[in-house]
Amino acid sequence: MKLVQWTLFVDMLGYRDINGAINSEAKAKEFITFMEDNKGGLDFSNRPEVKEKYKKDKSFDLYMYYDVQHAFISDSLILTFSPKEVNSLKNNQLKYMHSANALFIILMRLQAVIFNCFSQKGLFLRGGISTKYCYIKDHFAVGEGLISAYKAESSLAIYPRIVFSPEVLEDKQLKESITKLSDIMYGGNNIIQLDSDGVHHLDYLGYNLSQVDLNIKMISESAQRNLSQYLFALEQTKMFFDKHSKAIENKLSELEARKVGLSAEKLSKLEKVIDKFIWLKNYHNSSLSKHDQFSEFVVK
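Model, not experiment: these values are computed from the prediction. (Residues numbered from 1 in each chain as written. Predicted model: local features only at pLDDT ≥ 70, side-chain atom pairs only at ≥ 80, totals over all residues. Heavy atoms only, no water.)

Draft legend 1. View of the overall build of the chain. Per the secondary structure count, the chain includes twelve helices and nine strands. For the chain, the C-alpha radius of gyration of 20 Å lies close to 19 Å, the compact-globule estimate for 300 residues. On the principal axes, the C-alpha backbone points of the chain span a range of 65 × 45 × 40 Å. Nonlocal contacts in the chain, meaning residues at least 24 apart in sequence, comprise 71% of its contacts between residues at least 6 apart. Just so you have it, the chain exposes about 15,600 Å², and 52% of that area is on carbon and sulfur atoms. Computed over 39 positive and 37 negative side-chain charges, the separation of the two mean positions in the chain equals 2 Å. (Helix = DSSP H or I, 4+ residues; strand = E, 2+ residues; numbered from the N terminus. Rg over C-alpha atoms; globule rule 2.2 N^0.38 Å. Contact = heavy atoms within 4.5 Å. Areas by Shrake-Rupley, 256 points an atom, 1.4 Å probe, with all protein chains shown as cover. Lys, Arg positive; Asp, Glu negative; His and termini not counted. Charge placed at Lys NZ, Arg CZ, Asp CG, Glu CD.)

In structure tokens, the structure reads:
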């Protein structure tokens, strides 16, 4: 039996503007270093020491069930958790719970890329998620899962969010397993968020906040065992939202400044871009609305 395959196609919004402004070798090298940092973050989360740690995990050995592959192609990240055939896996319920757990791990690993992009370059991510087949080797990626994830990114995402291709959540057992795991480990903070336009997306901000939410039993118990570790995590989360709010404010200010002297046609196109970041502002503020200790990071 195999677990569910997860495949993501993720683009960087604003990459073309930055790339188009590179007019010297120094700027080119600086931006390539930034992209190497993104790749390095994912490589680091997939290093041999992590694999050894998972081997000792009695509840879930990720690498027993998955071959983890990723590739950066220009401004796009392709990531797939390709399932292995595991003869000892015979329980269908366990299959879906482990698959749901893998999605949480994907979101956890994406945090470093998300943070690096908006904090270093003011770039935000837009992507799609599929459960169909994909294969990655070096800088080559193929498979229907890649196409499905790409279509979700290009036609459904619209805003800076990573959305689920419709076939993913048509699997009711998978969706229920993600919800159940959210209830058990994250106090009901489901990493799948349904937006007002009927599109489901990965809730990276809600997940970030759940890691320091003392209303969640697991977090509270962990804080009691190691207060200094909790306080460090709290400061890291505050830094994340501080930089996230400033990046949104800077982007909206930059876009508003571009309005001067534009023709009606170009202004209409710019307004559509601004709408994307107003959505992001609303998502950011909505995520913080239930957390008074983060109110200083609300975007005005």
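Okay, back to it.
Draft legend 2. Layout of the environment of Glu176. Here Glu176 is to be found in helix α8 (residues 172–186). Among the residues examined, Glu176 registers a relative accessible area of 54% and is labelled exposed. For the pair Glu176 and Ala100, spaced 76 residues apart in sequence, the C-alpha to C-alpha distance is 9.1 Å. (Buried < 20%, exposed > 50% of the residue type's maximum accessible area, 1.4 Å probe, protein only.)

Draft legend 3. Broad picture of the state of the cysteines. Per the counting criterion, the structure on display carries zero disulfides. Considering cysteine sulfurs only, Cys134 is the nearest to Cys117, which forms no disulfide, with 20 Å between them. Assessed through its relative accessible area of 0%, Cys117 is described here as buried. (Disulfide = S-S within 2.5 Å.)

Draft legend 4. Focus on the nonpolar core. One finds Trp6, Leu62, Tyr66, Phe81, Phe164, Ile178 and Leu202 to be the most contacted residues of the largest nonpolar core, which totals 80 residues. Top contributing element to this core by residue count: helix α5 (residues 92–121), with 14 residues. Within the second largest apolar cluster, eight residues are counted, among which are Phe9, Ala71, Cys134 and Ala141. (Core = buried A, V, L, I, M, F, W, Y, C linked by side-chain atoms within 4.5 Å.)

Draft legend 5. Region of interest: the packing of α5 against helix α11 (residues 227–257). Packing of α5 against α11 leaves a shortest axis separation of 9 Å and a crossing angle of 45°. One way to sum up the angle between α5 and α11 is to call them oblique. Judged by the sense of rotation from one axis to the other, the crossing of α5 with α11 is left-handed. Only Met239, Phe240, Lys243, His244 and Ala247 of α11 make contact with α5, whose side of the interface consists of Gln111, Ile114, Phe115, Phe118 and Ser119. Of the residues contributing to the contact of α5 with α11, the split by class is six nonpolar, three polar and one charged. (Axes fitted to C-alpha atoms, helices over the stretch in contact; angles between N-to-C directions. Parallel < 35°, antiparallel > 145°, perpendicular 65-115°, else oblique. Left-handed = near helix turned anticlockwise from the far one by under 90°. Nonpolar A, V, L, I, M, F, W, Y, C, P; charged D, E, K, R; others polar.)

Draft legend 6. Representation of helix α12 (residues 264–288) within the structure. Along its 25 residues, α12 runs 36 Å from first to last C-alpha, staying within 8% of the 36 Å computed at 1.5 Å per residue. For α12, every residue scored as buried is listed here: Leu270, Ile274, Lys276, Phe277, Trp279, Leu280, Tyr283, His284, Asn285, Ser287 and Leu288. Lining the buried residues of α12 we find β4 (124–130), β8 (192–194), β9 (200–202), α9 (204–210) and α11. (Expected span 1.5 Å × (residues − 1).)

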